[in-house]
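So you can see what is in the structure, the chains are spelled out below.
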Amino acid sequence: MSSLFLSRLSRLCLRKPPTLGVKYLCGARFLSETSICRIVRADHCQYSSRDESVGKLVIHNVNDSDFEDDEVLEKMVPMELMTGSGTIGASHGWVATFKESIVCLQDDLNPRASNSDPKRISLPRPQTLPHCQTQLVTNVAMSSSSPEDDDCIVAVKFVGPQLSLCRPAEKSKKWVNIRIEDPGFFNSRVIYSKRDKMFSMLDCVGTHIGYWDLEKHRWRNLGSFSYYYEEFVQSQLQQLSECYRTEHLVEAPTGETFIVKWYSDLLLWGSERNFGNPRWQRFMVFKIQYDQICTAVSTKDIGDLCIFLSTKGEPFSVKASLYGLNPNYIYYVGHFNFGKVNIRDNVWVGGHGFSPAPYFIPPQSS
């Protein structure tokens, strides 16, 4: 592990937070920012000069109340990004692909990005640590809005113990490969905490948060914390116990941290339950409270905030009033359904259909 590279990583802790976070914390939105959109699909139409099969990008503006009001853009995108294995994750509007063990960051799915000259930043092949693997990826996260920023660090969480960090703007790009010993984090998703300036993960049970300290170059475990649930009747608990569940760690622009439990059942095909597709069932939101002991307290009110979740993208949150969105809502997209949910009463509005690239594109600045 390069000591020079580690020292450069640690500088991130000493500098100002990314610009995007400052906008929200100051309670202002730049007029040049785009609206938040959901990637719907791409309509194949031709082959590009690079001999790629390309199609017109189709998006949905999340401000629209009609979930069928999609917009077909003139922007062309590679059709290979619209396959199940075409991307491994997304952060800040950049999608990551993974071919021959090489991570490539692309802005093709960003409606604001250039149509004729898309940016594609390839990173070196990461070294596989002993007793680890680097073929299956959980997700990716970035510390700033663009991998071209000098301070930007990209994190790739592989299934298993390995977490790898790289600075894409460095001329001599190198990976810092970290082995996480606690098996509870082997399938965890990584996010970047603007508040703590660290990459963080929630364990598979949802009772521990771990951090990679960029300044001290070591793994930190917040320790076990307790959940305080709202009351449920027995029938509700029984229904939730039969659901598939994922936990998502989300940091709000206010600096608050939330855990969202995403419950899905199966959309049955015929009588064979195992051949169904995950379908949204319920969200449960918990606010992390840091006191003498850390607790996760169930809440039905997150104020003037809304949360964006996707099955493959890094989650994010914005102030709803700045973007004309519904406060106290979760917007989500899965592989087979999408919608928005009122946290207060868990009422769902949305639709069903295959999402080949289940991502939201957050606000983009000129």
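Looking at an unreviewed UniProt entry, the protein carries the name KIB1-4 beta-propeller domain-containing protein, with the source organism given as Brassica cretica.

### What about the layout of surface pockets?
Estimated volume of the largest pocket: approximately 710 Å³. Lining of the largest pocket is provided by 28 residues; of these, Arg 189, Tyr 244, Thr 246, His 248 and Thr 311 occupy positions nearest its centre. Only β8 (137-142), β17 (244-251), β18 (257-269) and β19 (272-290) provide two or more residues apiece to the lining of the largest pocket. Sorting elements by how many residues they give to the lining of the largest pocket places β17 first, with six residues. Broken down by class, the residue content of the lining of the largest pocket amounts to 12 nonpolar, 10 polar and six charged.

### What about a negative patch on the surface?
A cluster of like negative charges, contributed by Asp 66, Glu 68, Asp 69 and Glu 71, occupies part of the molecular surface. Mapped onto the secondary structure, Asp 66 falls in the loop between β2 (53-61) and β3 (71-78).

### Let's talk about unusual backbone geometry
Phi angles above zero are rare outside glycine, and His 92 is one such case at about 55 degrees. Tracing the chain through its elements places His 92 in the loop between β4 (89-91) and β5 (94-99). Using a relative accessible area of 15% as the deciding quantity, one classes His 92 as buried. The backbone of Ser 101 shows a phi angle near 65 degrees, a positive value even though the residue is not glycine. Positionally, Ser 101 belongs in the loop between β5 and β6 (102-106). Since its relative accessible area comes to 13%, Ser 101 is described here as buried.

### Section: the pattern of salt bridges
For the coordinates displayed, the defined rule picks out 15 salt bridges. Linking Arg 179 and Glu 181 is a salt bridge whose minimum nitrogen-to-oxygen distance equals 3.3 Å. As a salt-bridge pair, Glu 247 and Lys 261 come within 3.1 Å of each other at their nearest N and O atoms. Residue Glu 247 is located in strand β17, and its partner Lys 261 is located in strand β18; the two are separated by 14 residues in the primary sequence.

### Some remarks on the environment of Leu 214
Here Leu 214 is to be found in the loop between β14 (209-213) and β15 (218-221). When the C-alpha positions of Leu 214 and Asp 196 are compared, they lie 9.9 Å apart, and in sequence the two are 18 residues distant.

### Looking at the packing of aromatic side chains
One pass over the structure, following the stated rule, counts 17 aromatic pairs. Relative to Phe 286, the ring of Tyr 229 lies with its centre 5.1 Å away and its plane at 80 degrees, an arrangement referred to as edge-to-face. Pair noted here: Tyr 229 is in the loop between β16 (226-228) and α3 (234-241) and Phe 286 is in strand β19, with a separation of 57 residues, a long-range link. Pairing Phe 308 with Phe 316 gives two aromatic rings, centres 4.8 Å apart and planes at 10 degrees, and the pair type is stacked. A relative accessible area of 1% places Phe 308 in the buried class. On the basis of relative accessibility, which here comes to 15%, the residue Phe 316 falls in the buried class. One aromatic cluster in this structure is built from Phe 308, Phe 316, Tyr 329, Tyr 331 and Phe 360. Cation over ring: Arg 38 sits above Phe 338, and NZ or CZ is 3.9 Å from the ring centre. One Lys or Arg, Lys 340, reaches over the ring of Tyr 329 and ends 5.6 Å from the middle of that ring.

### Remarks on the confidence of the model for the protein
Per-residue confidence for the protein gives a mean pLDDT of 86; residues scoring 70 or more make up 86%. Confidence over residues 12-27 falls short of pLDDT 50; this stretch has 35 contacts with residues more than four positions distant or in other chains. Here residues 268-275 scores under 50 on pLDDT; set against residues more than four positions off or in separate chains, the count is five contacts.

### Some details on empty space enclosed by the protein
Evaluation of the coordinates by the stated rule reveals two cavities of 30 Å³ or more. Roughly 60 Å³ of volume is contained in the largest cavity. Lining of the largest cavity is provided by Arg 38, His 60, Val 62, Asp 64, Phe 67, Tyr 331, Tyr 332, Phe 338, Gly 339, Lys 340 and Phe 360. For the lining of the largest cavity, the secondary structure elements donating two or more residues are β23 (329-333) and β24 (337-342). Sorting elements by how many residues they give to the lining of the largest cavity places β24 first, with three residues. Residue composition of the lining of the largest cavity, grouped by class: six nonpolar, two polar and three charged. As a volume, the second largest cavity reaches approximately 50 Å³. What lines the second largest cavity is Ile 191, Ser 193, Arg 195, Asp 196, Ser 200, Ile 209, Tyr 211, Leu 249, Glu 251, Thr 257 and Tyr 290. Secondary structure elements with two or more residues in the lining of the second largest cavity: β12 (190-193), β14 and β17.

### A few points about the sheet that holds β3
Ordered by their spatial adjacency, four strands build an open sheet running β3-β2-β1-β26, and the pairing between neighbours is antiparallel. At either end of the open sheet lies a strand with only one pairing partner, and these are β3 and β26 (360-361). For strand β1 (residues 37-47) and β26, the ladder comprises two bridges, and the chain directions are antiparallel. Within β26, the residue paired with Cys 37 across the bridge is Ile 361.

Basis of the calculations
- Residues numbered from 1 in each chain as written.
- Predicted model: local features only at pLDDT ≥ 70, side-chain atom pairs only at ≥ 80, totals over all residues.
- Heavy atoms only, no water.
- 1 Å grid on protein atoms, 1.4 Å probe; cavity = no way out; pocket = protein on both sides within 12 Å on 5 of 7 lines; lining within 4 Å.
- Points joined across faces, edges and corners; volume = space filled by probe spheres on them.
- Helix = DSSP H or I, 4+ residues; strand = E, 2+ residues; numbered from the N terminus.
- Nonpolar A, V, L, I, M, F, W, Y, C, P; charged D, E, K, R; others polar.
- Patch = residues over 30% accessible without salt bridge, like charges linked within 9 Å, V, L, I, M, F, W, Y side chains within 5 Å.
- Areas by Shrake-Rupley, 256 points an atom, 1.4 Å probe, with all protein chains shown as cover.
- Salt bridge = Lys/Arg side-chain N within 4 Å of Asp/Glu carboxyl O.
- Lys, Arg positive; Asp, Glu negative; His and termini not counted.
- Charge placed at Lys NZ, Arg CZ, Asp CG, Glu CD.
- Buried < 20%, exposed > 50% of the residue type's maximum accessible area, 1.4 Å probe, protein only.
- Phe/Tyr/Trp six-rings, centres within 6.5 Å; stacked < 30°, edge-to-face > 60°.
- Lys NZ or Arg CZ within 6 Å of the ring centre and 35° of its normal.
- pLDDT = per-residue confidence, 0-100.
- Contact = heavy atoms within 4.5 Å.
- Pairing = 2+ DSSP bridges.

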